[in-house]
Protein chains: 2
Amino acid sequence: MNVLGVIVEYNPFHYGHLYHLDAAKKKTNADVTVAVMSGSFLQRGEPAITSKWTRTKMALKGGVDLVIELPYIYSTQKAEIFSDAAVSLLDELKVNQLCFGSESGNIDHFIHTVDVVSSRNNEIDERVRDVVKTGVSYPRAFSIAYREVFDNTNESILDLGKPNNILGYHYVKSIKKRGSKMTPCTITREQANYHDTEVTKHQKIASATAIRKLLIENNFSIEAVEQYVPPSTLTLLRDEIHTGTHFLHWEHYFPFIRYKLLTTPTSELRAMYECEEGIEHRLIKMMKDVNSFQSFMEAVKTKRYTWTRIQRLILHILTNTSKGFMEQHCHPLSPQYIRLLGMTNKGRNYLSSIKKDLRVPLVSRASEFQHEVLQKDIQVSQLHTLPYEDETLQQEFKSVPIQYD
Amino acid sequence: MNVLGVIVEYNPFHYGHLYHLDAAKKKTNADVTVAVMSGSFLQRGEPAITSKWTRTKMALKGGVDLVIELPYIYSTQKAEIFSDAAVSLLDELKVNQLCFGSESGNIDHFIHTVDVVSSRNNEIDERVRDVVKTGVSYPRAFSIAYREVFDNTNESILDLGKPNNILGYHYVKSIKKRGSKMTPCTITREQANYHDTEVTKHQKIASATAIRKLLIENNFSIEAVEQYVPPSTLTLLRDEIHTGTHFLHWEHYFPFIRYKLLTTPTSELRAMYECEEGIEHRLIKMMKDVNSFQSFMEAVKTKRYTWTRIQRLILHILTNTSKGFMEQHCHPLSPQYIRLLGMTNKGRNYLSSIKKDLRVPLVSRASEFQHEVLQKDIQVSQLHTLPYEDETLQQEFKSVPIQYD
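The structure displayed is predicted, hence computed values, not measured ones.

A. Local environment of the domain arrangement of chain A. Residues and elements named next belong to chain A. The domain boundaries assigned to chain A delineate domain 1 (3–103 + 167–193 + 334–403), domain 2 (118–161) and domain 3 (250–324). For domain 1 versus domain 3, the separation of C-alpha centres amounts to 28 Å. Tallying the contact residues gives 18 residues for domain 1 and 15 residues for domain 3. Roughly 1,400 Å² is buried in total at the junction of domain 1 and domain 3, and carbon and sulfur atoms are behind 59% of that figure. For the interface between domain 1 and domain 3, the tally reads 0 salt bridges. Taken together, the links from domain 1 to domain 3 amount to 9 residue pairs in polar contact (both at pLDDT 80 or more). The biggest single contributor to the side of domain 1 that touches domain 3 is helix α18 (residues 372–384), with 5 residues. Residue composition of the side of domain 1 that touches domain 3, by class: 8 nonpolar, 6 polar and 4 charged.

Rendered as structure tokens:
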């Protein structure tokens, strides 16, 4: 049986995702498709524009059979941890083919690069440490070190300057680390790059970043993105608006960040995950003169601290996620449970067939399973909906997996 | 020289205050009038409807010469601590006449009651403890015990069921405790009672509570309260609206309370001031199903926990004010500094004349004096203005005393 796995955010689900899904199914001759999806907050430390329930519906309508939540403590991390956790969840679900989009499109390059980098690990690490000392960020230092070490060799290695190549590289590395039998494969990403924020007219594929930007620029009018998302996504986005909710973005959380920084002693801020090198003082100082998230970020950002790094730090401060909590619970290669967000009939049948072999608990209803990692997911999802002032906090606790025929 | 002291909240300043002020000046033949005023949050644990700066202007326009801030750690406390701190600040400022409004209007009754109660203290305390055990609130228990102990005596004592009598009783007691030479006097409150929420038409005097209620009910249209406040207050309220701010009330802080309860571990909530008997669990539980401050309060309230007590507790949670902080800094009989909010020429001259004899630092600008109690005042005032999303946090830090001719 061919069980295809994909690692997704679907923020929102668009034609690029649909294209990837269809191509991956064809390539792997998939009998069933499992997606591990980030919950309320995403890898770059951003809030999702809609709830995970709406994005689950998008995924099911788009052709995924089973949607599993990537817990907050893994979904908001640098590529390595994010990847280890997502791959491990798919592995627990007996996925045997992992297919990801990349700029490269050549899976042999990924496998080869992982092997070669691991054999020259110490050399690269040492160089990274030196480069970081000159004041540049870690991702940039890695990219520099990597290029320096390999530039004068005959090795045919990946361009790790490209964001999807980096993620793919980590997926392949995670499979190896976990000792999984999963087979990786990759599909060349069409047109839009991950970081592209512009869309070209008369084409169907735009990045999710570009689509979100269009939504914001057009005052969240759905028509602005009509051509880039399938009709099912369009309907779901329209439903969101009709129920009185609105698309969420960082500015909605700015009052809470300001409140949190105003009322939290620096010693407590320092205990938050990813709070290093006294940056808490910088955050407090810069908050004094700004009145929006955008201006706050611009004030805090430096060459050394990338936008993403600061965004994740602020998110962990907002959610009160401490170093101690992460130390205790963050074990990306050993998932604590599998939380089901949604399934089709085919997905349900597949789940029944493997249920007795699952090594970790399968959770359908948040209230039926007690675990601090799940508790954190419930808490951050309640926090995610705080800007909907008229709603109560009960929603997330009562939610059950979406089921489609 | 006759230096009159008054203890006020002016939320907002109205004709009742003006009447009291004029009568007190006449009665004491005052040369100068000093007001100790609660800052951003008030004795019953509520946010002031406007900033303390606007209320300071109201006070100066109304005839006060010197306005001093009662720090947060004293202004949001039960009558005893509130009174000790306010009286002590006036005493430090060489006030020699304290005049307060009361239902009784007879100062001898106050002095006598303080003497008698203090002589039968143990008896009352014991009875209060017993009554509290039956599940009623402390203020009610005190009132019951007090009546029981004195009902069968021939003592002519005060009716401590009346809110202004209670405050006055504590003022007189504080003077005694501090060993101050200040002379207390009282003026009968005209018409409106402290707790009155209704106003009668064709009269000029309404309680501040009634005025705030009118403002809320009339969607903050100033016209609704025109007849109850002097023209100077009216102009200041109008100016507030013209500068784009709005009147503040508890509902504006509800999102922050919800956020705080959602992201704070119970162990940390338990450490907050006035958090006793496991009420933190009740707060968290009741927050789940509500979507407004009003409905939250109604859900939390019991016979044992009065509205005011819960309101103060929530306020201390909101401002992150711990038991440890209060233990360290709350010394109501020994003020740490005197913070000047505003003065007339007469007030400035008076201040100059006593400056060399002041035993505690006089603070004009928040940035010029380092003290944790003042730091707390700055923090809660910044928090008070958080609902003004377009403003930055700098305002409070940069403010200087209001000066009028």
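B. Structural context of the packing of aromatic side chains. Here the structure, examined in full by the defined rule, presents 26 aromatic pairs over all chains. Considering the side-chain rings of Tyr 259 of chain A and Tyr 259 of chain B, the 6.2 Å spacing of their centres and the 85 degrees angle between planes classify their relative orientation as edge-to-face. Of this pair, Tyr 259 of chain A sits in helix α11 (residues 254–263) while Tyr 259 of chain B is found in helix α11 (residues 254–263), placing the two residues in two different chains. In textbook terms, an aromatic cluster arises when at least three aromatic residues are bridged by ring pairs, as seen for Phe 41, Tyr 72, Trp 250, Tyr 253 and Phe 293 of chain A. Above the ring of Phe 150 of chain A, the side-chain terminus of Arg 120 of chain A is found at 5.3 Å from the ring centroid.

C. Structural detail: the pattern of salt bridges. Residue and element names in this part refer to chain B. Applying the stated rule across the entire model yields 34 salt bridges over all chains. Between Glu 69 and Lys 52 there is a salt bridge, with its nearest N and O atoms 2.9 Å apart. Here the residue Glu 69 occupies a position in strand β3 (residues 66–70), and Lys 52 occupies one in helix α2 (residues 52–62), the gap between them amounting to 17 residues. A single burial state applies to Glu 69 and to Lys 52, both of which are buried.

D. Highlighting the interface of chain B and chain A. Each partner contributes residues to the interface: chain B has 28 residues there, and chain A has 29 residues. For the pairing of chain B and chain A, the buried interface totals around 2,700 Å² over both sides, and the portion due to carbon and sulfur atoms is 57%. Remark: the boundary between chain B and chain A carries 0 salt bridges. At the junction of chain B and chain A, the tally comes to 6 residue pairs in polar contact (both at pLDDT 80 or more). Going through the elements one at a time, α11, α15 (307–318) and α18 (372–384) of chain B are the ones with two or more residues in the side of chain B that touches chain A. Per-element tally for the side of chain B that touches chain A: the top contributor is α11 of chain B, with 7 residues. Residue composition of the side of chain B that touches chain A, grouped by class: 13 nonpolar, 7 polar and 8 charged.

E. Fine view of the environment of Leu 89 of chain A. In this fold, Leu 89 of chain A is placed in helix α4 (residues 79–92). C-alpha of Leu 89 of chain A to C-alpha of Ile 7 of chain A: the two residues are 82 residues apart in sequence and 10.0 Å apart in space.

F. Spotlight on the pairing of strand β1 (residues 3–8) of chain B. All names here are of chain B. When you tally the buried positions in β1, you get 6 out of 6 residues, the bulk of the element. Residues Val 3, Gly 5 and Ile 7 of β1 are buried on one face, and the alternating residues Leu 4, Val 6 and Val 8, pointing to the opposite face, are buried as well. Summarising the sheet, β1 and strand β2 (residues 32–38) pair through 6 bridges and their orientation is parallel. Note on β2: the bridge partner recorded for Val 6 is Ala 35. For the segment spanning β1, helix α1 (residues 15–28) and β2, crossover handedness is right-handed. With 2 bridges connecting them, β1 and strand β4 (residues 97–102) associate as parallel partners. Paired with Gly 5 across the strands is Leu 98, a residue of β4.

G. Structural detail: the relation of the copies chain B and chain A. Of the transformation placing chain B onto chain A, the axial shift is 0.0 Å and the rotation is 180 degrees, giving an RMSD of 0.0 Å. Both copies of the chain, as the preceding transformation shows, are related through a two-fold rotation axis. Residue Phe 256 of chain B of chain B places its C-alpha closer to the rotation axis than any other residue of that unit, at 3.3 Å. Most of the interface of chain B is mirrored in chain A: 100% of its interface residues are interface residues there too.

H. Spotlight on a negative patch on the surface. A cluster of acidic side chains, namely Glu 389 and Asp 390 of chain A together with Glu 389, Asp 390 and Glu 391 of chain B, defines a negative patch on the protein surface. Within the secondary structure, Asp 390 of chain A sits in the loop between α18 and α19 (394–398).

I. Representation of unusual backbone geometry. Residue and element names in this part refer to chain A. Look at the link from Asn 11 to Pro 12: it is a cis peptide, with omega at 0 degrees. Following the sequence through the fold, Pro 12 ends up in the loop between β1 (3–8) and α1 (15–28). The phi dihedral of Glu 274 falls on the positive side, at around 70 degrees, and the residue is not glycine. Along the chain, Glu 274 falls in the loop between α12 (266–270) and α13 (279–287).

J. Layout of the environment of Leu 248 of chain B. Residues and elements named next belong to chain B. Along the polypeptide, Leu 248 turns up in the loop between α10 (231–242) and α11. Between the alpha carbons of Leu 248 and Val 114 there is a distance of 37 Å; along the sequence they are 134 residues apart. The contacts of Leu 248, once residues within four sequence positions are left out, are Pro 47, Ala 48, Ile 49, Tyr 253, His 384, Pro 387 and Tyr 388.

K. Here's a closer look at the packing of helix α14 (residues 293–300) of chain A against helix α15 (residues 307–318) of chain A. Residues and elements named next belong to chain A. The geometry of α14 relative to α15 is characterised by a closest axis approach of 10 Å and an angle of 120 degrees between their N-to-C directions. Taken as axis vectors, α14 and α15 run oblique relative to one another. Here the hand of the crossing between α14 and α15 comes out right-handed. Judged by residue contacts, Phe 293, Gln 294, Phe 296, Met 297, Glu 298 and Val 300 of α14 engage Trp 307, Ile 310, Gln 311 and Ile 314 from α15. Class assignment of the residues belonging to the contact of α14 with α15 gives a composition of 7 nonpolar, 2 polar and 1 charged.

What counts and what doesn't
Note on numbering: residues in each chain are counted from 1, in written sequence order. Numbering of ligands from 1 and lettering of chains from A proceed in the order in which they are written. Local features in this predicted model are restricted to residues of pLDDT 70 or higher, and side-chain atom pairs are both shown and tallied only at a pLDDT of 80 or more, whereas totals for entire chains, interfaces and linings draw on every residue. To get the side-chain values, take all heavy atoms of the structure and skip hydrogens and water. Segmentation into domains, and thus their bounds, comes from an automatic or database assignment. Here, residues are in contact when the closest pair of their heavy atoms is within 4.5 Å. A simple way to read buried area is as the amount of 1.4 Å-probe accessible surface that goes missing from two parts once joined, with both sides added. Just to be clear on terms, a salt bridge is a Lys or Arg side-chain nitrogen sitting within 4 Å of an Asp or Glu carboxyl oxygen. What qualifies as a polar contact is a pair of N or O atoms within 3.5 Å, subject to a donor-acceptor requirement within protein and to the restriction that residues adjacent in sequence count only when both atoms come from side chains. Under the scheme used here, helices are H or I runs from DSSP no shorter than 4 residues and strands are E runs no shorter than 2 residues, and both carry numbers assigned from the N terminus. Charged means Asp, Glu, Lys or Arg here, nonpolar means Ala, Val, Leu, Ile, Met, Phe, Trp, Tyr, Cys or Pro, and polar covers whatever is left, Gly included. For this analysis, a ring pair means two rings from Phe, Tyr or Trp (six-membered ring only for Trp) whose centres lie within 6.5 Å, classed as stacked if their planes differ by under 30 degrees, edge-to-face if by over 60, and tilted for the remaining angles. In this scheme, Lys NZ or Arg CZ marks a charge over a ring once it lies within 6 Å of the ring centre and within 35 degrees of the ring normal. For the exposure calls, accessible area comes from a 1.4 Å probe over protein chains only, and a residue counts as buried if that area is under 20% of its type's maximum, exposed if over 50%, partly exposed in between. At least two DSSP bridges between two strands are needed for those strands to be called paired. We call a crossover right-handed when, viewed with both strands directed away from the observer, the connection leading from the first strand over the helix to the second proceeds clockwise. For the least-squares superposition of copies, only C-alpha atoms count, and only for residues with pLDDT at least 70 in both. Within this analysis, patches are made of residues with over 30% relative accessible area and no salt bridge. Like charges are joined at 9 Å or less; nonpolar side chains (Val, Leu, Ile, Met, Phe, Trp, Tyr) at 5 Å or less. For accessible areas, the Shrake-Rupley method is used with a probe of radius 1.4 Å. Any residue's cover is judged against the shown protein chains and nothing else. Two residue types count as positive, namely Lys and Arg, and two as negative, namely Asp and Glu; His and chain ends fall outside the count. A single reference atom marks each charge: NZ on Lys, CZ on Arg, CG on Asp, CD on Glu. Think of each axis as a best-fit line through the C-alpha atoms, taken over the contacting stretch in the case of a helix, with angles from 0 to 180 degrees between the N-to-C directions. Each angle is binned into one of four classes, with values under 35 degrees roughly parallel, values over 145 roughly antiparallel, values of 65 to 115 roughly perpendicular, and all other values oblique. In this scheme, a crossing is called left-handed if the near helix is turned counterclockwise away from the far one by less than a right angle; it is called right-handed if the turn is clockwise.

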